[in-house]
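So the chains spell out like this:
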Amino acid sequence: MEWAKSLIKKVEDTRQTRLTAPAPELSADESQALLEKYHPDYSGQTRSLCVGPNAGDDEFFPQELADMLESASILPADFQPTPDIETDVLILGGGGSAASAALALEGSGLTVHLATKLRLGDSNTVMAEGGIQSALGHDDSPRRHFADSFVGGHGANDSGLLKILCESGPNEIQRLTELGCLFDRTEDGRFRLRLGGGASLPRVLACRDYTGLEIMRVLRDAVRLTSVTLLEESPALELLDDGEGNVSGAVLWDRKNNKTVCVSARAVLLATGGAGQLRLQGFGTSNHIGATADGLTLAYRQNCRLVHANSFQYHPSGACYPPALAGRLVTEAIRSLGAQVVNREGRHFVSEMTFRDVLSSAIIREVKEGRGVETPTGSSGVWLDTPLIDIKHGPGALRQQFPGLFHRWEPFGIDPSKLPILIFPTLHYQNGGIRINEFCQTDAPGLWASGEATGGVHGTNRLMGNSLLDVVAFGRRAGEHIRDHLPSRKPITTNNADRFRSELNIKRSNAVKGPLLFPKAMNVNINIGD
Amino acid sequence: MQVDSGITLVHAIWSAGRSEEILTGCDGGVCGACTVSIQLKEKPGKTIIDLACCRLVEEGMTVFPYPVPPVPPVQPSSEPSADTLRKAYPTLDRCTKCDACTTVCPMGIPVMESIKRMQAGALEEVAEDYTTCIHCGQCRAICEDRVQPHTMGMWVRRSLAIKSSAETTVPVDEDASRAEQEWAYLLSGDRKTQLQHCQQFRQTGKVGI
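These numbers come from a predicted model, not from an experiment. (Residues numbered from 1 in each chain as written. Chains lettered and ligands numbered in written order. Predicted model: local features only at pLDDT ≥ 70, side-chain atom pairs only at ≥ 80, totals over all residues. Heavy atoms only, no water.)

K.L.:
Break down the overall build of chain A for me, citing the residues and quoting the values.
P.N.:
A count of helical and extended segments in chain A gives 15 helices and 21 strands. Seen through its principal axes, chain A has C-alpha atoms that stretch 70 × 55 × 40 Å. Counting across all 530 residues of chain A, residues that qualify as buried make up 67%. Sequence-distant contacts, at least 24 apart, represent 75% of the contacts inside chain A between residues at least 6 apart. In chain A, which carries 54 positive and 62 negative side-chain charges, the distance between the mean positions of the two groups comes to 3 Å. (Helix = DSSP H or I, 4+ residues; strand = E, 2+ residues; numbered from the N terminus. Buried < 20%, exposed > 50% of the residue type's maximum accessible area, 1.4 Å probe, protein only. Contact = heavy atoms within 4.5 Å. Lys, Arg positive; Asp, Glu negative; His and termini not counted. Charge placed at Lys NZ, Arg CZ, Asp CG, Glu CD.)

Laid out in structure tokens, this is it:
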């Protein structure tokens, strides 16, 4: 960080004054103006759709996502599905939601297959750092949790889904603990609750800055002890239907043997996660490599309507330097403990505990207006004044609570307890997704969806800690509903996919192949054998 | 392989068009998929185990992908102790204290010391040791005595959590009529009214102004 010496001095020089000064708050109108001017969702690099259930709406989608939604099947046009596997329930996805659903189905007597593109656990869940929200604090309630999340989501949330989310918080924490998750506790043995951005009370439970890892490794361990059959390294290429609109299976790509596998299932659950690896507008991402909007792409071909699928969360604190860490997450919990966001001039320009979309917009404004810090590689960001944590909470506090931060930064010779780190918003979360009802049913009978792949519960901006709760609560809910309402077995055809293909041929001749499956940077050759 | 400097091994392998050769999951240091064995130019005899997504490329380094497949876990216990751990994992006492497991851990966990703590029943400390474990499996793969440090670490953590869950119950909702009244307030009216009510309620925790 030798190049930044004089700039860091400005941060150090203003630290003492900033320490006691109140955080600069924005009014609702100022926040809205910031969003409209600087938030990437408003950048105009969008287009409307001309094929499928969201065609003709006055909604505009990021181009990269629109191209996937209107993509052509990877399967050959004359593909004839014959069942290689017959199962009761097929779960697509390998993250927290898929695993929670699998656990909910254990003991039901049903056969369950879980197919995932990577390995079980390789997901955005495992990368979540800051925590999981649940109304467990003094004076807190699921209503307060609801009110915070509804305001944070700009009132665009599906209030029925959000009520379920908030009410399920305490029970889900109880379940996770019974399953084997260790959350941080205070000295008197109670759960330690952190304040999340946009929350009115401390409500975030954590396991240091490895909360998602803790939840995912426990869920995975538990799933491996069930009778669920795992099909790893097997991305779904297409959903299958019975010719009458019911989803009845899926075509997988068994990558180890390079062949397609057709699964006939009485129920299919899409728990395929988000889309950060589409790298909208060239942004970095905090997402795992599988986050390529596969579930949205496949469900859309089955006539499933998408809600707020044009709304993305750019997490305010993505790493901006060193370049090898670009886009990786710096948890919000560090801000919640008092690390301020500071511009090139050493000014604390906005409260770091405002809503994520507002804070990201404020950071982008600073950079666009020349008050950001330009790094030797050309990228720009603002400071996150991490040394404040030890000043406020005692020497060693940063390292004790955020070991992951040190594990990532120290190899580059940066000690975040001594030096501030550079951040810039990173593509973090797909706020919207597939429309579901309160039982996680999609518009297509036979197809359920849960977790980040779905839309509605978070409105157009999600609060910290609500996604880990979402994946466990709705994953389990989907599993339980499937268990109790299992459809009969139906034939498998590519009828819906074929119809979508014909419509594409008429209206969008230049369609790319989809789903993307892997980030472009990986240069994966998708050439499937028989 | 010729690649740009300043990038991680994973990105280097991708950019060379060889992504099939490296198992990758999160590309963020927490999933444990992309473990590799590395030899540096200046120390050719010494093998380093690291995560390809966290390690930068260096001139002249030799890299071999070294993923470790998982093994089936053992059901955790609600009565964790050195004895119940021994029952679950009978190889615990085969450890010869060679310390190879500590050397290969990409997360810097004091693995062998933690095995000693397992043998002594200091399970709270064991749980702390494995807080950052990503279950890449390297400590298990290198152990010639078939000790399974990371799966035992998981067993200890899960078992302790299960035990604690029996001792602390999460408080469940209080006053049902108050809850009902608050929900009615937050959910009534059009979206604009709901938003106003939520804004008001989150500030005071009370219904109405």
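K.L.:
Quick rundown of the overall build of chain B? Include the residues and the values.
P.N.:
Along the backbone of chain B there are nine helices and three strands. Along the chain direction, N to C, the helices and strands of chain B fall in the order α-β-β-β-α-α-α-α-α-α-α-α. Compactness check: chain B gives a C-alpha radius of gyration of 25 Å against a globular reference of 17 Å for 209 residues, more than 25% above the reference. In terms of principal-axis extent, the alpha carbons of chain B reach across some 75 × 50 × 25 Å. When the 209 residues of chain B are sorted by exposure, 50% land in the buried category. A fraction of 54% describes how many contacts in chain B between residues 6 or more apart in sequence connect residues 24 or more apart. Just so you have it, chain B exposes about 10300 Å², and 52% of that area is on carbon and sulfur atoms. (Rg over C-alpha atoms; globule rule 2.2 N^0.38 Å. Areas by Shrake-Rupley, 256 points an atom, 1.4 Å probe, with all protein chains shown as cover.)

K.L.:
I'd like a description of the environment of Ser264 of chain A, backed by residues and values.
P.N.:
Here Ser264 of chain A shows up in strand 11 (residues 259-270). Ignoring anything within four residues of it in the chain, the contact list for Ser264 of chain A reads Pro83, Ile85, Glu86, Thr87, Ser248, Gly249, Arg489, Lys490 and Ile492 of chain A.

K.L.:
Hey, could you go over the interface of chain A and chain B for me, with residue numbers and the actual values?
P.N.:
Listed as interface residues are 65 residues of chain A and, on the opposing side, 64 residues of chain B. For the pair chain A and chain B, the summed buried surface comes to about 5500 Å²; carbon and sulfur atoms form 59% of the total. Where chain A touches chain B, the interface holds seven salt bridges. Here Arg208 of chain A ties to Glu128 of chain B by a salt bridge, and the two come within 2.8 Å at their closest N and O atoms. Linking chain A with chain B are 23 residue pairs in polar contact (both at pLDDT 80 or more), by the criterion used here. When residues of the side of chain A that touches chain B are traced back to their parent elements, those giving at least two are helix 5 (142-152), helix 6 (159-179), helix 7 (211-224) and helix 13 (403-409) of chain A. When residues in the side of chain A that touches chain B are grouped by element, the largest group, nine residues, is from helix 6 of chain A. (Buried area = accessible area lost by both parts, 1.4 Å probe. Salt bridge = Lys/Arg side-chain N within 4 Å of Asp/Glu carboxyl O. Polar contact = N/O pair within 3.5 Å; in protein donor to acceptor, adjacent residues only side chain to side chain.)

K.L.:
How would you summarise the pattern of salt bridges if you had to cite specific residues and measurements?
P.N.:
Residue and element names in this part refer to chain A. Applying the stated criterion across every chain yields a total of 52 salt bridges over all chains. Asp148 is the salt-bridge partner of Arg203, the closest N and O atoms lying 3.0 Å from each other. Placement of the pair is Arg203 in the loop between helix 6 and strand 7 (204-205) and Asp148 in helix 5, with a sequence separation of 55 residues. Neither residue differs from the other here; Arg203 and Asp148 are each classed as buried. Among the salt bridges present, the one from Arg175 reaches Glu172, with a minimum N-O distance of 3.8 Å. Taken as a pair, Arg175 and Glu172 lie in helix 6 at a separation of three residues, close to a single helical turn. By relative accessible area, which is 37% here, Arg175 ends up partly exposed. Look at Glu172 and you get buried, because its relative accessible area is 2%. Among the charged side chains, a salt-bridge network with shared partners connects Arg47, Asp67, Glu70 and Arg508.

K.L.:
If you had to explain the packing of aromatic side chains to someone new, which residues and values would you point to?
P.N.:
Residues and elements named next belong to chain A. Tallied over the full model, the rule gives seven aromatic pairs over all chains. Note on Phe283 and Phe424: the rings are 6.1 Å apart at their centroids and 10° apart in plane angle, and the pair reads as stacked. In this pair, Phe283 sits in the loop between strand 11 and helix 8 (294-301) while Phe424 sits in strand 17 (residues 421-430), placing the two residues 141 residues apart along the sequence. Given the relative accessible area of 22%, Phe424 is considered partly exposed. In this structure, Arg462 is placed above the aromatic ring of Tyr429, and the distance from its NZ or CZ to the ring centre is 4.0 Å. (Phe/Tyr/Trp six-rings, centres within 6.5 Å; stacked < 30°, edge-to-face > 60°. Lys NZ or Arg CZ within 6 Å of the ring centre and 35° of its normal.)

K.L.:
So what about the domain arrangement of chain B? Which residues, and what values?
P.N.:
By the assigned domains, chain B splits into domain 1 (9-65), domain 2 (82-167) and domain 3 (175-209). A separation of 53 Å is found between the C-alpha centroids of domain 1 of chain B and domain 3 of chain B. (Domains from an automatic or database assignment.)

K.L.:
Can you tell me about the pairing of strand 11 of chain A, naming the residues and giving the values?
P.N.:
Across a regular strand the side chains alternate sides, sitting on one face of the sheet and then on the other. Residue and element names in this part refer to chain A. Taking burial as the measure, the 12 residues of strand 11 include 10 buried ones, the bulk of the element. Note that strand 4 (residues 85-92) and strand 11 share seven bridges and pair parallel. Residue pairing in the sheet places Leu90 in a bridge with Val268 of strand 11. As paired strands, strand 10 (residues 247-254) and strand 11 are joined by six bridges and run antiparallel to one another. Residue Gly249 lies in a different strand from strand 11, and its bridge partner there is Ser264. The turn joining strand 10 and strand 11, which pair antiparallel and follow one another in sequence, is formed by four residues; a positive phi near 45° is taken by Asn258. The pairing of strand 11 with strand 19 (residues 447-449) spans three bridges and is parallel. Across the sheet, Val268 pairs through a bridge with Leu447, a residue of strand 19. (Pairing = 2+ DSSP bridges.)

K.L.:
Could you give an account of the pairing of strand 9 (residues 236-241) of chain A, with specific residues and numbers?
P.N.:
The element strand 9 of chain A is largely enclosed, with a buried count of six among its six residues. Joining the antiparallel neighbours strand 9 of chain A and strand 10 of chain A is a turn of five residues, in which Gly243 of chain A adopts a positive phi near 90°.

K.L.:
Talk me through helix 4 (residues 96-105) of chain A; I want residue IDs and the actual numbers.
P.N.:
Residue and element names in this part refer to chain A. Counting buried residues in helix 4 gives nine out of 10 residues, a clear majority hidden from the surface. Contact partners of the buried residues in helix 4: strand 4, strand 5 (112-115), helix 7, strand 11 and helix 14 (466-484). Just downstream of helix 4 lies Gly107, where phi reads positive at about 90°.

K.L.:
Go over the nonpolar core, please, and point to the residues and values.
P.N.:
Residues and elements named next belong to chain A. Counting 204 residues, the largest nonpolar core has Ile91, Leu92 and Ile132 as the members making the most contacts within it. Dropping the residues within four chain positions of it, Ile132 is found in contact with Ile173, Leu176, Phe183, Arg203, Val204, Leu205, Thr211, Ile215, Gly465, Leu468, Leu469 and Val472. Judged by nonpolar contacts, the second largest core, of 10 residues, contains Val11, Val342, Trp383 and Leu422. (Core = buried A, V, L, I, M, F, W, Y, C linked by side-chain atoms within 4.5 Å.)

K.L.:
Which residues make up the side chain of Ser134 of chain A, and what values go with them?
P.N.:
Tracing the chain through its elements places Ser134 of chain A in the loop between strand 6 (132-133) and helix 5. Those residues in contact with Ser134 of chain A that lie beyond four places of it in its chain are His145, Gly169, Pro170, Ile173, Arg203 and Leu205 of chain A.

K.L.:
Before we move on, can you summarise the sheet that holds strand 3 (residues 62-65) of chain B with the specific residues and values?
P.N.:
All names here are of chain B. An order of 2-1-3 is seen for the three strands of this open sheet, with the pairing classed as antiparallel. Each end of this open sheet is capped by a strand with a single partner; those strands are strand 2 (48-51) and strand 3. Between one strand and the next, the sheet's axes are offset by a mean angle of 35°, whatever the strand orientation. Sheet topology places strand 1 (residues 35-39) next to strand 3; four bridges connect them, and they run antiparallel. Along strand 3, the bridge assignment pairs Ile38 with Val63. (Axes fitted to C-alpha atoms, helices over the stretch in contact; angles between N-to-C directions.)

K.L.:
How would you explain the environment of Tyr314 of chain A if you had to name every residue and give the values?
P.N.:
Residue and element names in this part refer to chain A. Tracing the backbone shows Tyr314 in strand 13 (residues 312-319). According to the relative accessible area criterion, Tyr314 is buried, its value standing at 1%. For the pair Tyr314 and Thr285, spaced 29 residues apart in sequence, the C-alpha separation works out to 8.5 Å. With residues near it in sequence (within four places) discarded, Tyr314 still touches His39, Pro40, Asp41, Leu280, Gln281, Phe283, Arg356, Ser360, Pro425, Thr426, Leu427 and His428.

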